Amino acid sequence: AQSVTQLDSQVPVFEEAPVELRCNYSSSVSVYLFWYVQYPNQGLQLLLKYLSGSTLVKGINGFEAEFNKSQTSFHLRKPSVHISDTAEYFCAVSVRSNTGKLIFGQGTTLQVKP
Amino acid sequence: KAGVTQTPRYLIKTRGQQVTLSCSPISGHRSVSWYQQTPGQGLQFLFEYFSETQRNKGNFPGRFSGRQFSNSRSEMNVSTLELGDSALYLCASSLTESNTGELFFGEGSRLTVL
């Protein structure tokens, strides 16, 4: 079975500061990795995904993530956050042999302060 | 291009009743999946449909069911509602059944069971 652990439930940060949201996963088989963002009262939006190839993945809104197979991690980073980045962020995995089913972490609330 | 549309957006039911939620995917998308989001359990996969066939099912009791129509629209039904079924139910669509593609989420149907 697969599981995803997001190590921080809340991350407060000042505007224009860098941020890292941590994600670790557990799986006995190869997986695909995703980060989604959810703004208040909205559905989820894909930020970025890792399928294969380069371990550094760039996404929308200036976010990037690095896949580390040995540490089974997929941490999300942004060098300079904006107030508008305040949202909940979800890390997710899906099994390569499966279809459509995503296993989500519990989410990390990013609170950007002025 | 219209996004994923879920109806109703909000609804209140009482224990023992049943509810049907509807999801219209993005035009041309043939895969629809459903997720339950609660503060305690987070995002949990319910089921996935592709070309009117259920391809995957999560660990939910038989009270939770779904179907997909020939136009790719999907419905999910919950019978004999329990207080614990109160949640945001999210529908997501994708172009194919492959899990390498992006899931596009609707804004959800918020169900309150009294």
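Before reading on, note that the structure itself is shown above.
Below you will find a few notes about this structure.

Parameters at a glance
- Residues numbered from 1 in each chain as written.
- Chains lettered and ligands numbered in written order.
- Predicted model: local features only at pLDDT ≥ 70, side-chain atom pairs only at ≥ 80, totals over all residues.
- Heavy atoms only, no water.
- Helix = DSSP H or I, 4+ residues; strand = E, 2+ residues; numbered from the N terminus.
- Polar contact = N/O pair within 3.5 Å; in protein donor to acceptor, adjacent residues only side chain to side chain.
- Contact = heavy atoms within 4.5 Å.
- Buried < 20%, exposed > 50% of the residue type's maximum accessible area, 1.4 Å probe, protein only.
- Pairing = 2+ DSSP bridges.
- Axes fitted to C-alpha atoms, helices over the stretch in contact; angles between N-to-C directions.

### Considerations on the side chain of Gln68 of chain B
Residues and elements named next belong to chain B.
Then, number 1: Tracing the backbone shows Gln68 in strand β7 (residues 64-68).
Then, number 2: For Gln68, the side chain forms a polar contact with the main-chain oxygen of Ser72, separated by 3.2 Å.
Then, number 3: Residues contacting Gln68, with those up to four places away along its chain left out, are Arg30, Val32, Tyr49, Phe50, Ser51, Glu52, Thr53, Arg73 and Ser74.

### Some points on the pairing of strand β12 (residues 108-113) of chain A
Residue and element names in this part refer to chain A.
Then, number 1: Across the two faces of β12 the burial differs, with Thr108, Leu110 and Val112 buried and Thr109, Gln111 and Lys113 not buried at all.
Then, number 2: Where strand β2 (residues 10-14) and β12 come together, 5 bridges link them in parallel fashion. Residue pairing across strands places Val11 opposite Leu110, the latter belonging to β12.
Then, number 3: Two strands pair when backbone bridges link them, and strand β10 (residues 87-95) and β12 are joined in this way by 3 bridges, in the antiparallel orientation. Residue Tyr89 lies in a different strand from β12, and its bridge partner there is Thr108.

### Quick notes on the sheet that holds strand β1 (residues 5-7) of chain B
All names here are of chain B.
Then, number 1: If you walk across this open sheet you meet the 4 strands as β1-β3-β8-β7, and the pairing is antiparallel. If you trace the sheet from one side to the other, it starts and ends with β1 and β7, each paired once. Averaged over neighbouring strand pairs, the angle between their axes works out to 15° when direction is ignored.
Then, number 2: Taken together, the 3 bridges between β1 and strand β3 (residues 19-24) define a ladder with antiparallel strand orientation. Bridge pairing in β3 links Thr5 to Ser24.

Just distances and angles here, no functional claims.
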